[in-house]
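What follows is the residue order along each chain.
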Amino acid sequence: MDREVSHYVVTAHPPGGVLHTVKCNFMSPDREKQDVVVGKSRRLEIRQLKIEEEDEEAMSSPFPVVLSIPINGRITCLAALPLASHPTSLLFMTTDQHQYAVIGYNADLPNYVETFASGNLKDEWNVMGDLADTGPLVAVDPHNRCIAMHLYDGLVTIFPILPTRSKKSVLGPVFHARLEEKLVLQIAMLHHLDASITPPHLCLLHQDARGAQHISTHVVDLPKSQLWSMTSMAGNQTMTGQHLEWLKKPRIDGGSSLLIPVPPVAAVAAAPGASATSTSSAQQASGGVVILGQRQITFCGLNHHKVMPIPPALILSWDALPPDVSGMPRFLLGDEFGNLHMLTLITQKTKVVALQLDTLGSCTLSNTLQYLDSGLVFCGSALGDSQLVQIHDEPIPVEEDDMDDDAALELGETTYLSVEEEYTHLGPIVDFDLVPMTGSNRTEGAQSQVVTASGSSKSGSLRVVQNGTGMKEYAAVELGGIQNMWSLREKFEDTQDAYLVQSYVGETRVLGVTSVGAEDDAMNEDGGSGEMETEEEVGGTLEEVFLPGFESSASTLFVTNVVGKLLLQITETQLRLVNEGGAVLDTMEPESQITVATANEAGQIAVALRGGKVLYVEVNEQKFQEKASKKMDREVSCLDINPFLSAEMCNASLLQKRGQKSALVAVGLWDDFTVRLLSLQTEELAELLLINLSTGEEDEEGESGGEKHRSNRNNMMARSLCLATLDMASSSNSTAKSNKVLPGADMLFVGLGDGTLVSFTVVQDRSISVQSKKEVSLGTQRINLVPLFNEKGGSCVLGTGDRPTVIYLAGASSGNYNSKLCYSNVNISPADDGDANDVSRPPTRESISVNCATPFFNPLLFDAMGQDHYSLCIADDVNMRLGVIDDIQKLHVSTYRLGMAPRRVVHCPEGRLFAVGCIESGIKQGSAGGNETAMGNCIRFLDDTSFEDVHRIDLEPFETILSMVSATLRPYKPTLPGNVSGETASIDMDDEESDVEYRPVLIIGTAYALHDEDEPTKGRIIVLSCGLNETDGTEASRSVKTVTELEVRGGVYSMCQFYEGMLLGTVNSKTQVFQLQDDGTGGVNLAKIGVEHHGHILSLFVSSRASKSTGQHEMSSADGKESAKPPPKKEMLALVGDLMRSISLVQYYSEHETLEEIARDFNANWTTSVAMLTDDIYLGGENWNNLFVLKRNAKAQNEEVRCRLDTVGEFHLGEMCNKFMSGSLVMPSNSSTEPSVRSGSRRRNSILASPSKRGSVGAAGSQGALRTRRPGVAIGSQTLFGTVDGTLGVILGLDGPTAAFFSCMQRALQTAVTPVGNFSHQQFRAFNAEQRMHPSHGFVDGDLIESFLDLDKSSMQNVVDEMNRDGGWEVDESNFVSNDKNDSNMKDADRVDLMLEDVLAVVEEMTMLH
């Protein structure tokens, strides 16, 4: 791509950290059916407990997400409003933009959410004061009379709640009241029984100037919009006749942070299961508050209090538990060590006499707790995985891995907790690395996976994120030459397969399933040929058998069961009908050779004969009966006769779906770019629809392209067809249960010879038509399409090839209105045919080619997982495998616990290791002598396949890890005595014949963090070599050796690979160049060379585009077409990110050994990560959760302009970004070496797809209609980023036309779609840093763009209409100036309006690029 004018920011893996939870009846008027609303960064999730589900086996999760609501802002507060004027509970929430809203559930709206009130409390001129350091605090009156919020120091905001529902709002006029207390730590509303005589009471936990903490109370006067304190109420007769209660407690525990309002004892006693007590005095007094301190827990009531000392621990979360049988209040507490405690208030009548704290056990580090029902508790965490925990009445044995912390010391080897389910959370992502799944070179074009260093303290872990779905391999056997495979059941009504039919050249073989203990002499007669046993013994084996009635001396074209207890075999010469006993009932031999065949279980058969004739045959009364025939223009390449299912059948069982008849047959022809749908209900097989696969532009090229283009056209022909009805049960996230019938989508899939998959939605109304054409590249090999089914009723399609892919339907759950066609690569683990300890073998996680596949399930070969999932048999050129596909999802996350907090992670491909820098977390491990020793700061080396510890290097006391990088360095000879210039002697890098020795090494930068130093004054750079040592010629063991180390004066904050085999690093405020130098004795030393660069406050980040493999300039896809040629001499540039002074560009002059700053950004950005997208485009993240893009003016005439980095893009991400890294999770495109990935048309370098010249199916399915102009999608640089909240995202560079289209679409979505809470998308994405606020520009919000797929059809059409009115979606690239302008540079008469199908296709194709 010549120029990147904008960037597309999209989330690949959403944030999983739980910030808030609320329990209420949000979706149902039934107060007994409580939902749990979970606040995660920028979205709300509604979860429902399914413990009473009748079909427990079909229930994939006991606590599924039933609705997901995106929010334009980071959620800071969340509270429930169960109002009497509304049947369901409302939600009050605030965002980091100081906006607030009251929302509720409305099933009649497209997004299911209705906004009842909204507003903004932002104080741009600091009139109300400074923002509170504790963040916004919210408390709701128990009787729902008002909401109190503390946002600014010395101020409290009161939101009155209207007693009756108003048409305009549920909130009254908002008012602010001054507070005497300046530093408020927590607020709570006291709980009184009688609201008629007791006004709302606001209890404050505050801290004075000396650090002492106190409790005070204020009374809210709603009629007069005032807030009264005990001092201001002295002598005031304003609230005469009302009960006022002034709780006051000075000098409580200095580490207090939370308040728990206690309901009155009379209210607790009235709860279900509690004994009945009532006291007249309890009608007025509140229940008081519990103050959770770090060393003590204090109960403060009217005129009395109780204090209980506790072991030092910071309480992070709490929730109310049901009272015990005596009516005593109980609360669940979670501390900073991950322990759960139960606090019980011992009461006598209405008075609390004592406090009791019982430790239940250890779980995740919870910052929010929510008690559900029947002892189940949802523990939400922002530092690790959230958990669904069961509290037991009696202690149970604790697992060995969980025996840590104080809970284990108190409970011994027992616990009251067990984890029922875990919910993956990647955050905080401190660091990550991009690792290829095959081989060790990232430039090989293999699919990559991301390995993140996630979590904190004992929640620290490595997370492996893969794009695609895994397949668990159960068995494998070496069988080459398989042309095709089919599964057969022994009886038609069976639920399990018994035979696997394999077609070879000139013969057919059958493998049968037998029990492992069965006595079968046939196995010995064949010498065990074709026998395979499962890796996990579950009682079955496959061995070659003879199937009576089948022709074994000919190649088979198709095999299936037929209704009526029949078996059908089609060979190249005849059709054979066999009963279950093996008797041949009928045969049929056409007049010429059969080339292609297909059939279904209803007995409908379609075969193609040599010469292009298609025969339609049916099985009637156990005989073949020819029904119709048709002569095609050319030879037939593929056929399919699978039936479409009705809406009722989509929700039926697999047995009920069998035997359904088809009304269509799909036909593909050789040397033709069409697919024809023929009617089976006419004698002449009437053609119902002709579907063009190519465009008129390609047809013109084909007529003039010659023989070379003709060869390419042959690969574009249809080679496989599949008619299928996809339903929602195929997706793993389709967890929402519904009593209504969910219709499936009738789809036509076309697999081409070049690895392209084309899909259409088939619409059957009065006439048949297709729409929503989608075209996706699945590799370079031809595709065979195989429909898959499971016992749950799910259906999907497997596309074989060099990148096997599952095509499935997602949506219609979690709040999505529409179903979406999704694609997920299948990552297959090859058979383990060697010693598991042989580390010289390549990694086992990889994607392999699949030539043919068939669904296959038998309980003797698979466990229960195979019945609920998709089990199948696949074959490549050498092996045949049996396996089960995991839950189908786009991204698959695996977790490997560390027990320590990871700081840095780097993959060392030379030794097949992961190097993980860990910091001390206080977790203790048993030593060899039996004593417990604390694990200090260290570097742990883990196997990159099993993630087992291989080696560990402990750092020195007070030494911590700051940076780590895997680089390729070149040893230089030291300066010679006669060398006047002072340059180091080296080999000329430009001489291709020079034998340059590059040494792959792991480099670690550290600092000594001493307590009396503000900045480190000492650090080390440690150079390690990781490799394989040959031991006996057959096995290899890993070795980690120290090559050299260098002591520096400061902390080594960042390092990166630099040019000519050198290393670039930052030490405190200096940027320096290092290189390996030969010491003359066979060893090497690391030395600083040349003059370093000064001028920064603290140089935290450094980045260059030098390639690790050679140390030369990295030629990425964004450099243009010259990337395939030998690169010219490049400037040695690097990017330096400063703590406060944004980003600088430095250049190294090798002839002078000098590092100089040549340009800088003069804005004051506090950088958190930097990246070089191209030589002139730079990306940065800063600590106010913003992204910015800088551009270098290298060709400017003015020196002042050349030394300035211009800001060309600003965007509010809403999360702090910790790292950028060039790369992608998606398999690279195999189309060519072109500079950019462009989709949307088969001609990759075409901006717009030309209208088809001949009669074809238009976007809406009308034959002969001209297609509208469909914009292409061109991307340049691809960058991954990880955030503190656990988001894994992608930033894609866009060219002018692509940026114009998506910017126009973004404006249309902002105009046509009303956001939740009326939170403005433009305000949310505006760059906001301290007092700087700029509108977002130079970026496109990919999450907003792809939310288009979740809209209903009418809303989609409104967006498209708005885009056509805007007109800025189509521009001339040569005249492109800004992607945020509406100028299209086209006359209105020349413009072609967008169609809905065009926009859908572009957005869906964009989702495939990340």
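What counts and what doesn't
- Residues numbered from 1 in each chain as written.
- Predicted model: local features only at pLDDT ≥ 70, side-chain atom pairs only at ≥ 80, totals over all residues.
- Heavy atoms only, no water.
- Helix = DSSP H or I, 4+ residues; strand = E, 2+ residues; numbered from the N terminus.
- Buried < 20%, exposed > 50% of the residue type's maximum accessible area, 1.4 Å probe, protein only.
- Contact = heavy atoms within 4.5 Å.
- Areas by Shrake-Rupley, 256 points an atom, 1.4 Å probe, with all protein chains shown as cover.
- Axes fitted to C-alpha atoms, helices over the stretch in contact; angles between N-to-C directions.
- Parallel < 35°, antiparallel > 145°, perpendicular 65-115°, else oblique.
- Nonpolar A, V, L, I, M, F, W, Y, C, P; charged D, E, K, R; others polar.
- Expected span 1.5 Å × (residues − 1).
- Core = buried A, V, L, I, M, F, W, Y, C linked by side-chain atoms within 4.5 Å.
- Salt bridge = Lys/Arg side-chain N within 4 Å of Asp/Glu carboxyl O.
- Phe/Tyr/Trp six-rings, centres within 6.5 Å; stacked < 30°, edge-to-face > 60°.
- Lys NZ or Arg CZ within 6 Å of the ring centre and 35° of its normal.
- Pairing = 2+ DSSP bridges.
- Disulfide = S-S within 2.5 Å.

Q: Which residues make up the overall build of the chain, and what are the values?
A: Counting its regular elements, the chain contains 14 helices and 94 strands. Within the chain, the fraction of its 1410 residues that count as buried is 57%. Pairs at least 24 residues apart make up 61% of the contacts formed inside the chain by residues separated by at least 6 positions. Within the structure as shown, the chain displays about 56,800 Å² of accessible surface, and the carbon and sulfur contribution to it stands at 47%.

Q: Could you give me a rundown of the packing of helix H13 (residues 1353-1366) against helix H14 (residues 1396-1407), with the residues and numbers involved?
A: Put simply, H13 and H14 touch, their axes get as near as 9 Å, and they point 95° apart. On the basis of the axis angle, H13 is roughly perpendicular to H14. Between H13 and H14, the residues in contact are Lys-1353, Met-1356, Gln-1357, Val-1360 and Met-1363 and Leu-1396, Val-1399 and Leu-1400, respectively. Among the residues making up the contact of H13 with H14, the classes are represented as 6 nonpolar, 1 polar and 1 charged.

Q: Summarise helix H10 (residues 1296-1312); cite the residues concerned and give the values.
A: Between its first and last C-alpha atoms H10 spans 24 Å; for 17 residues at 1.5 Å apiece the expected length is 24 Å, and the two agree. Counted residue by residue, H10 has 14 buried out of 17 residues, so it is predominantly covered.

Q: Please provide a residue-by-residue account of the nonpolar core, values included.
A: For soluble globular proteins, the rule of thumb is that nonpolar side chains tend to be buried together. Ranked by size, the top nonpolar core spans 45 residues in total, and within it Phe-1302, Phe-1348 and Met-1363 carry the most contacts. Per-element tally for this core: the top contributor is H10, with 7 residues. Those residues in contact with Phe-1348 that sit more than four places away from it in its chain are Met-1305, Leu-1309, Met-1356, Val-1359, Val-1360, Leu-1396, Val-1399, Leu-1400 and Val-1403. Counting 30 residues, the second largest nonpolar core, distinct from the first, contains Phe-558, Val-562, Leu-577 and Ala-599.

Q: Can you explain the pattern of salt bridges? Please cite residues and give values.
A: The tally for this structure, following the rule as stated, stands at 37 salt bridges. Across the pair Glu-591 and Lys-613 runs a salt bridge whose closest N-O atoms are separated by 3.1 Å. One end of the pair, Glu-591, is in the loop between strand S43 (584-588) and strand S44 (594-599); the other, Lys-613, is in strand S46 (residues 613-620), with 22 residues separating them in the sequence. For Glu-591, a relative accessible area of 58% corresponds to the exposed category.

Q: How would you summarise the packing of aromatic side chains if you had to cite specific residues and measurements?
A: Applying the stated rule across the entire model yields 17 aromatic pairs. In this structure an aromatic cluster arises from ring pairing among Tyr-8, Phe-1301, Phe-1302 and Trp-1369. Arg-1160 extends its terminal NZ or CZ atom over the ring of Phe-1162, reaching a point 5.8 Å from the ring centre.

Q: Hey, could you go over unusual backbone geometry for me, with residue numbers and the actual values?
A: For residues besides glycine, phi is generally negative; the peptide bonds are generally trans as well. Cis geometry marks the peptide bond from Gly-427 to Pro-428; its omega dihedral reads -10°. Here Pro-428 lies in the loop between strand S30 (414-423) and strand S31 (429-436). Phi is positive for Ser-374, which is not a glycine, with a value near 55°. In this fold, Ser-374 is placed in the loop between strand S27 (368-371) and strand S28 (376-380).

Q: If you had to explain the sheet that holds strand S48 (residues 636-640) to someone new, which residues and values would you point to?
A: Across the sheet, which stays open at both edges, the 4 strands sit in the order S48-S49-S50-S51 with antiparallel pairing between neighbours. The sheet is open, and its two edges are formed by S48 and strand S51 (687-692), each paired on a single side. Each neighbouring strand pair of the sheet contributes to a mean axis angle of 20°, computed without reference to strand direction. Pairing of strand S50 (residues 674-679) with S51 involves 5 bridges; the strand directions are antiparallel. When the sheet's bridge partners are listed, Val-675 is paired in S51 with Ile-691.

Q: So what's going on with the packing of H10 against H14? Residues and values would help.
A: Interaxial distance between H10 and H14 falls to 12 Å at its minimum, and their mutual angle equals 110°. When the interaxial angle is binned, H10 and H14 end up roughly perpendicular. Side by side, H10 and H14 meet where Phe-1301, Phe-1302 and Met-1305 of the first sit next to Val-1399, Val-1402, Val-1403 and Met-1406 of the second. Split into classes, the residues belonging to the contact of H10 with H14 amount to 7 nonpolar, no polar and no charged.

Q: Lay out the environment of Leu-376 in plain terms, naming residues and giving numbers.
A: Here Leu-376 lies in strand S28. Of the residues examined, Leu-376 reaches a relative accessible area of 6% and is grouped as buried.

Q: Go over the sheet that holds strand S42 (residues 575-579), please, and point to the residues and values.
A: Here we have 4 strands laid out as an open sheet, ordered S40-S41-S42-S43, and antiparallel in their pairing. The two strands at the open ends of the sheet, each matched to only one other strand, are strand S40 (556-562) and S43. Going across the sheet, the axis of each strand differs from the next one's by a mean of 15°, ignoring polarity. Sheet topology note: the S40/strand S41 (residues 566-571) ladder contains 6 bridges and is antiparallel. In the sheet register, Thr-560 faces S41, and the bridge partner there is Leu-568.

Q: Tell me about the environment of Val-1359, and please be specific about residues and values.
A: Along the chain, Val-1359 turns up in helix H13. Given a relative accessible area of 0%, Val-1359 falls into the buried group. For Val-1359 and Phe-1348, which are 11 residues apart along the polypeptide, the C-alpha to C-alpha distance reads 8.5 Å. Those residues within four positions of Val-1359 in sequence are excluded, and the remaining contacts are Ala-1308, Leu-1309, Ala-1312, Val-1313, Phe-1348 and Leu-1351.

Q: How would you summarise the state of the cysteines if you had to cite specific residues and measurements?
A: The final tally for this structure, using the stated rule, is 0 disulfides. Cysteine Cys-300 shares no disulfide, and the gap to the nearest cysteine sulfur, in Cys-203, comes to 6.9 Å.

Q: Residue-level account of the pairing of strand S47 (residues 623-631), with values.
A: Across 8 bridges, the pairing between S46 and S47 is antiparallel. Residue Tyr-616 lies in a different strand from S47, and its bridge partner there is Ala-628. Connecting S46 to the next strand, S47, in antiparallel fashion are 2 residues, including Glu-621 with a positive phi near 50°.

Q: Break down H14 for me, with residues and values.
A: With 12 residues, H14 should cover 16 Å at 1.5 Å per step; its first-to-last C-alpha distance of 17 Å lies within 8% of that length. With 12 of its 12 residues buried, H14 lies for the most part within the structure. Taken as a whole, H14 has its buried residues at Leu-1396, Glu-1397, Asp-1398, Val-1399, Leu-1400, Ala-1401, Val-1402, Val-1403, Glu-1404, Glu-1405, Met-1406 and Thr-1407.

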